[in-house]
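The primary structure of each chain is shown beneath.
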Amino acid sequence: MVKFNKMEFHIYKNSDEAIEGLAGYFVQTVNAAITENGECSIVLSGGNSPKPLYKILSTYEYAKQIDWDKIYFFFADERYVPFTGPDNNGWMVKKALFEPLRIADANIFYINTSLPPEEAAKKYAQRILLHFKDKPVQFDLILLGLGDNAHTASLFPHTPVLKEKKALMRAVHLEDQESYRITMTAALINEAHAIAFLVYGEAKAKAVHEVLKGEKDFETYPAQLIIPEEGMVHWFLDEDAAQNLKDRE
């Protein structure tokens, strides 16, 4: 593990070890929050990268270490597709994690893509506020990934949401994909107690380099926006993704 300012780098030989490392950190962080507060609120990411993580967490070895009834699950972003569609993040996590662990529906906060995009974002923000009630809106742990183009959640390069300072959620129109996303804003993500990126594979090495070592350019490399005020950012990487970070060792 390598520490750098408010970042900690956990670099592993391969993707399997990186995923197992994050699984262990997940258990530790969740249990600490439950011990302190009696419950834990976490944010999950979608896409292909975290799917093996969710499958590992649902195995007996890991599942037995956590009181899952005390965890509330939210989503960092969602594709504007039907809930049961193959590209829906909520549906993927439901099959990989929630169903195997029999997580109660009351503990899961899906993003409702049956609503118009802007309304879906507004309603999700309202649900977040209702969940935290009179407490600060601070998630105990947010899991994120990193795209080849340095996006995270659905904070894509050169989109208006990157300048958002107040809203919790926003709808994002991706012109090149002719589609919408609903995403947490950087302002909300940065309030978290802890943030963990899971990034692996040589294809991500350039993006990792630009985000962590490149010139500050939030418009081009949106993941650079993830700079929490108080929390720590943990990067779980395999050697392929971290190949340009050797000087941090």
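Residues numbered from 1 in each chain as written. Predicted model: local features only at pLDDT ≥ 70, side-chain atom pairs only at ≥ 80, totals over all residues. Heavy atoms only, no water.

A.B. asks: Help me out: how do you make sense of the overall build of the chain in this one?
C.D. replies: In terms of regular secondary structure, the chain is built from 7 helices and 10 strands. Compactness check: the chain gives a C-alpha radius of gyration of 17 Å against a globular reference of 18 Å for 249 residues, within 12% of the reference. Here the C-alpha coordinates of the chain stretch approximately 45 × 45 × 35 Å along the principal axes. Buried residues in the chain amount to 55% of all 249 residues. Put simply, 75% of the contacts in the chain that link residues at least 6 apart link residues at least 24 apart. (Helix = DSSP H or I, 4+ residues; strand = E, 2+ residues; numbered from the N terminus. Rg over C-alpha atoms; globule rule 2.2 N^0.38 Å. Buried < 20%, exposed > 50% of the residue type's maximum accessible area, 1.4 Å probe, protein only. Contact = heavy atoms within 4.5 Å.)

A.B. asks: Whenever I open this one, the packing of aromatic side chains confuses me. Can you help?
C.D. replies: Between two aromatic rings, the relevant description is the distance of the centres plus the angle of the planes. Here the structure, examined in full by the defined rule, presents 16 aromatic pairs. Plain terms: the ring middles of Phe 83 and Tyr 110 are 4.8 Å apart, the flat faces sit at 65° to each other, and that makes the pair edge-to-face. Here Phe 83, found in the loop between strand S5 (77–79) and helix H4 (89–101), pairs with Tyr 110, found in the loop between H4 and helix H5 (117–132); they are 27 residues apart in sequence, far enough to count as distant. Geometrically, the ring pair formed by Phe 197 and Trp 235 is stacked, given 4.0 Å between the ring centres and 0° between the ring planes. Of this pair, Phe 197 sits in strand S9 (residues 194–199) while Trp 235 sits in strand S10 (residues 232–238); the two residues are 38 residues apart in sequence, bridging distant segments of the chain. (Phe/Tyr/Trp six-rings, centres within 6.5 Å; stacked < 30°, edge-to-face > 60°.)

A.B. asks: Sorry, what's going on with H5 here?
C.D. replies: An α-helix turns once every 3.6 residues. As a result, residues three or four positions apart point the same way. The end-to-end C-alpha distance of H5 is 23 Å, a good match for the 22 Å that 16 residues give at a rise of 1.5 Å each. Taken residue by residue, H5 has Pro 117, Ala 120, Ala 121, Tyr 124, Ala 125, Ile 128, His 131 and Phe 132 as its buried positions. For H5, the arc enclosing every buried residue in end-on projection is 135°, short of the 170-degree limit, so these residues lie on one face. The exposed set on the far side of H5, more than 90 degrees from its buried face, consists of Lys 122 and Leu 130. Next to the buried residues of H5 lie strand S3 (40–44), strand S4 (71–75), strand S7 (169–174), strand S8 (179–184) and helix H6 (186–189). The positive-phi residue at the C-terminal boundary of H5 is Lys 133, with phi of around 55°. (Expected span 1.5 Å × (residues − 1). Arc of directions from axis to C-beta.)

A.B. asks: Quick question: what am I supposed to make of the sheet that holds S7 here?
C.D. replies: Think of a sheet as strands paired side by side through backbone hydrogen bonds, with each pair either parallel or antiparallel. An order of S5-S8-S7 is seen for the 3 strands of this open sheet, with the pairing classed as antiparallel. Each edge of the open sheet carries a strand with a single partner, namely S5 and S7. Geometrically, the sheet is characterised by an average inter-axis angle of 20° between neighbouring strands, direction not taken into account. Two strands pair when backbone bridges link them, and S5 and S8 are joined in this way by 3 bridges, in the antiparallel orientation. Across the sheet, the residue bridging to Arg 79 is Arg 181, located in S8. The strands that H5 touches are S7 and S8; relative to S7, the one it contacts most, it runs at about 155°. (Pairing = 2+ DSSP bridges. Axes fitted to C-alpha atoms, helices over the stretch in contact; angles between N-to-C directions.)

A.B. asks: Would you mind showing me how to read the environment of Ile 226 here?
C.D. replies: Tracing the backbone through its elements, the reader meets Ile 226 in the loop between helix H7 (205–213) and S10. The class for Ile 226 is buried, based on a relative accessible area of 3%. Once residues within four sequence positions are removed from consideration, Ile 226 is found in contact with Leu 144, Thr 152, Leu 155, Ala 186, Ile 189, Asn 190, Ile 195, Phe 197 and Val 233.

A.B. asks: Would you explain a negative patch on the surface in this entry?
C.D. replies: A surface patch of like charges, here negative, comprises Asp 16, Glu 17, Glu 20, Glu 61, Glu 202, Glu 239 and Asp 240. Counting residues per element, the negative patch draws most heavily on helix H1 (residues 15–37), which supplies 3 residues. For Asp 240, the position within the fold is in the segment after S10. Assessed through its relative accessible area of 39%, Asp 240 is described here as partly exposed. (Patch = residues over 30% accessible without salt bridge, like charges linked within 9 Å, V, L, I, M, F, W, Y side chains within 5 Å. Areas by Shrake-Rupley, 256 points an atom, 1.4 Å probe, with all protein chains shown as cover. Salt bridge = Lys/Arg side-chain N within 4 Å of Asp/Glu carboxyl O. Lys, Arg positive; Asp, Glu negative; His and termini not counted. Charge placed at Lys NZ, Arg CZ, Asp CG, Glu CD.)

A.B. asks: Sorry if this is basic, but what is going on with the pattern of salt bridges here?
C.D. replies: One side chain can pair with another of opposite charge once the charged atoms of both are near each other. Here the structure, examined in full by the defined rule, presents 8 salt bridges. The closest approach of N and O atoms between Glu 99 and Lys 94, which form a salt bridge, is 3.6 Å. A relative accessible area of 38% places Glu 99 in the partly exposed class. Within this structure, Lys 94, Lys 95 and Glu 99 form a network of salt bridges that share partners.

A.B. asks: How should I be thinking about unusual backbone geometry in this particular structure?
C.D. replies: Most peptide bonds take the trans configuration, and most residues that are not glycine carry a negative phi. A positive phi angle, near 55°, is found at Lys 133, a position not held by glycine. According to the relative accessible area criterion, Lys 133 is exposed, its value standing at 70%. A positive phi angle is found at Glu 178, which is not glycine, with a value near 50°. With respect to the secondary-structure elements, Glu 178 resides in the loop between S7 and S8. Overall, the relative accessible area of 72% leaves Glu 178 in the exposed class.

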